[in-house]
2 protein chains.
Amino acid sequence: MHAEQMAEDYPAVVPLDAPAIDAARLLAEHRLPGLVVTDRDKPRAVLPASQVVRFLVPTYVQDDPSLAHVLGENMADHAADALDGKTVGDLIPSKGPELAVVNADDTIVEVAAIMARLRCPLAAVVSDERIVGVITASRLLQTALRPHDV
Amino acid sequence: MHAEQMAEDYPAVVPLDAPAIDAARLLAEHRLPGLVVTDRDKPRAVLPASQVVRFLVPTYVQDDPSLAHVLGENMADHAADALDGKTVGDLIPSKGPELAVVNADDTIVEVAAIMARLRCPLAAVVSDERIVGVITASRLLQTALRPHDV
């Protein structure tokens, strides 16, 4: 089983210039730990779901989390509005995890070695420098646990 | 919407003394970014999926990832055997992310603030010091994007 065959069935990729809300929707809909951000089909960075969550929190609450408690439920209901007008590029952390990049013909042990070393929840699968898929850590475990019927 | 209502429908919790393979199966089956490890029903640590992936890789390959390429497919097929005989406690990283712990009545903004600050992919929801649920970052985004129909 090669990396390309291990890749997720759904897109876990978002372009740098896409609206931030698109990234949030992809993460939510497919329950992903993060997305691979691309720049002209080349993998560029990893956007962890916890980083997108960060943007649901007003800056003054990030600075003083105890303020979150005094915000009303109404505020909480409109948390996602904070993503309006932002792009995926605006969300990428400056100190985020390094993106794991693997080749389409890498084996499961090669993918696991790279993912583990970078402590990254996902790996971009590339062929001729272009992204052809994404493997999450949980997908890799799924493949490892069922080697004979996938 | 309070933290307890936001929690996942399935267990994302594993006791410290459970077999390591149980943690791998939970992560794989529910496609989780990580699990909350408990000690007598109290949240103790976070076990990221990428950390479990690390144990699929033989030590000599962790030290020299280029060796992974020369391992045959047969080796790759038995990667999960490396978890045999280990417990969840054996897998917990010494330098892992700090576990986010929230109260059952915290709001979405409070949960988001804590999760974002700790860069943790999941939060343990506690009531009277005992774990009552787990919220993943993607679940939180799902809740934020659909405030009115969940």
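One can find the structure itself at the top, above this paragraph.
None of these values were measured; they are calculated from a predicted model.

Focus on the pattern of salt bridges
All names here are of chain B.
Next, step 1: Inspection of every chain in the model, using the stated rule, returns 8 salt bridges over all chains.
Next, step 2: Linking R130 and D41 is a salt bridge whose minimum nitrogen-to-oxygen distance equals 2.9 Å. On the criterion of sequence distance, the pair formed by R130 in strand β6 (residues 130–136) and D41 in the loop between β2 (34–39) and β3 (42–48) is long-range, its members being 89 residues apart.
Next, step 3: Judged by relative accessible area, D41 falls into the partly exposed class, the value being 41%.

Looking at the layout of surface pockets
Next, step 1: If you add up the space inside the largest pocket, you get close to 700 Å³.
Next, step 2: A:P97, A:R119, B:P97, B:R119 and B:P121 are, among the 30 residues lining the largest pocket, the residues nearest its centre.
Next, step 3: At the level of elements, α3 (49–54) and α7 (108–118) of chain A together with α3 (49–54) and α7 (108–118) of chain B are the ones that each hand at least two residues to the lining of the largest pocket.
Next, step 4: No other element matches the 4 residues that α3(A) contributes to the lining of the largest pocket.

Some thoughts on the sheet that holds β2(B)
Residues and elements named next belong to chain B.
Next, step 1: Read across the sheet, 3 strands follow the order β1-β2-β3 without closing on themselves; strand pairing throughout is mixed. Only two strands of the sheet have a single partner each, and these edge strands are β1 (13–15) and β3. Strand-to-strand twist in this sheet, taken as the mean axis angle between neighbours without regard to direction, amounts to 35 degrees.
Next, step 2: Pairing of β2 with β3 involves 6 bridges; the strand directions are antiparallel. Bridging from a neighbouring strand, D39 pairs with K42 of β3.
Next, step 3: Contacting β1, β2 and β3, helix α2 (residues 20–29) crosses the sheet at an angle of about 140 degrees to β2.

With respect to the relation of the copies chain B and chain A
Next, step 1: Expressed as a screw operation, the relation of chain B to chain A combines 0.0 Å of axial shift with a rotation of 180 degrees, fitting to an RMSD of 0.0 Å. Both copies are brought into coincidence by an operation consistent with a two-fold rotation axis. In terms of C-alpha distance to the rotation axis, chain B has B:P33 as its closest residue, with the C-alpha 2.7 Å off the axis.
Next, step 2: Of the residues that chain B buries at the interface, 100% are likewise interface residues in chain A, meaning the two copies contact each other through the same surface.

Comments concerning the interface of chain B and chain A
Next, step 1: In this complex, chain B contributes 53 residues to the contact, which on the side of chain A involves 53 residues.
Next, step 2: When chain B packs against chain A, close to 4,600 Å² is buried across both sides, 66% of that on carbon and sulfur atoms.
Next, step 3: If you sort the residues of chain B by the area they bury against chain A, B:R31, B:V109 and B:L141 come out on top, with a joint share of 15%.
Next, step 4: At the boundary of chain B and chain A, one finds 4 residue pairs in polar contact (both at pLDDT 80 or more).
Next, step 5: Elements with a minimum of two residues in the side of chain B that touches chain A: α2, α3, α5 (73–77), α7 and α8 (137–145) of chain B.
Next, step 6: Looking at side-chain class alone, the side of chain B that touches chain A contains 34 nonpolar, 9 polar and 10 charged residues.

Some points on the side chain of B:Q51
Next, step 1: Relative to the helices and strands, B:Q51 is located in helix α3.
Next, step 2: In this structure B:Q51 comes out as buried when scored by relative accessible area, which is 9%.
Next, step 3: What B:Q51 contacts, discounting residues up to four positions off in sequence, is A:R119, B:L91, B:I92 and B:P93.

Some remarks on the sheet that holds strand β4 (residues 100–103) of chain A
Residue and element names in this part refer to chain A.
Next, step 1: Read across the sheet, 3 strands follow the order β4-β5-β6 without closing on themselves; strand pairing throughout is mixed. Edge strands, defined here as strands with exactly one partner in the open sheet, are β4 and β6 (130–136). In this sheet, adjacent strand axes meet at a mean angle of 35 degrees when their direction is disregarded.
Next, step 2: Inspection of the sheet shows β4 paired to strand β5 (residues 122–127) by 4 bridges, in the parallel sense. Paired with V102 across the strands is V125, a residue of β5.
Next, step 3: Packing of α7 onto the sheet brings it into contact with β4, β5 and β6, and relative to β4 it is tilted by some 170 degrees.

Conventions we followed
Residues numbered from 1 in each chain as written. Chains lettered and ligands numbered in written order. Predicted model: local features only at pLDDT ≥ 70, side-chain atom pairs only at ≥ 80, totals over all residues. Heavy atoms only, no water. Salt bridge = Lys/Arg side-chain N within 4 Å of Asp/Glu carboxyl O. Helix = DSSP H or I, 4+ residues; strand = E, 2+ residues; numbered from the N terminus. Buried < 20%, exposed > 50% of the residue type's maximum accessible area, 1.4 Å probe, protein only. 1 Å grid on protein atoms, 1.4 Å probe; cavity = no way out; pocket = protein on both sides within 12 Å on 5 of 7 lines; lining within 4 Å. Points joined across faces, edges and corners; volume = space filled by probe spheres on them. Pairing = 2+ DSSP bridges. Axes fitted to C-alpha atoms, helices over the stretch in contact; angles between N-to-C directions. Contact = heavy atoms within 4.5 Å. Least-squares fit on C-alpha atoms with pLDDT ≥ 70 in both. Buried area = accessible area lost by both parts, 1.4 Å probe. Polar contact = N/O pair within 3.5 Å; in protein donor to acceptor, adjacent residues only side chain to side chain. Nonpolar A, V, L, I, M, F, W, Y, C, P; charged D, E, K, R; others polar.

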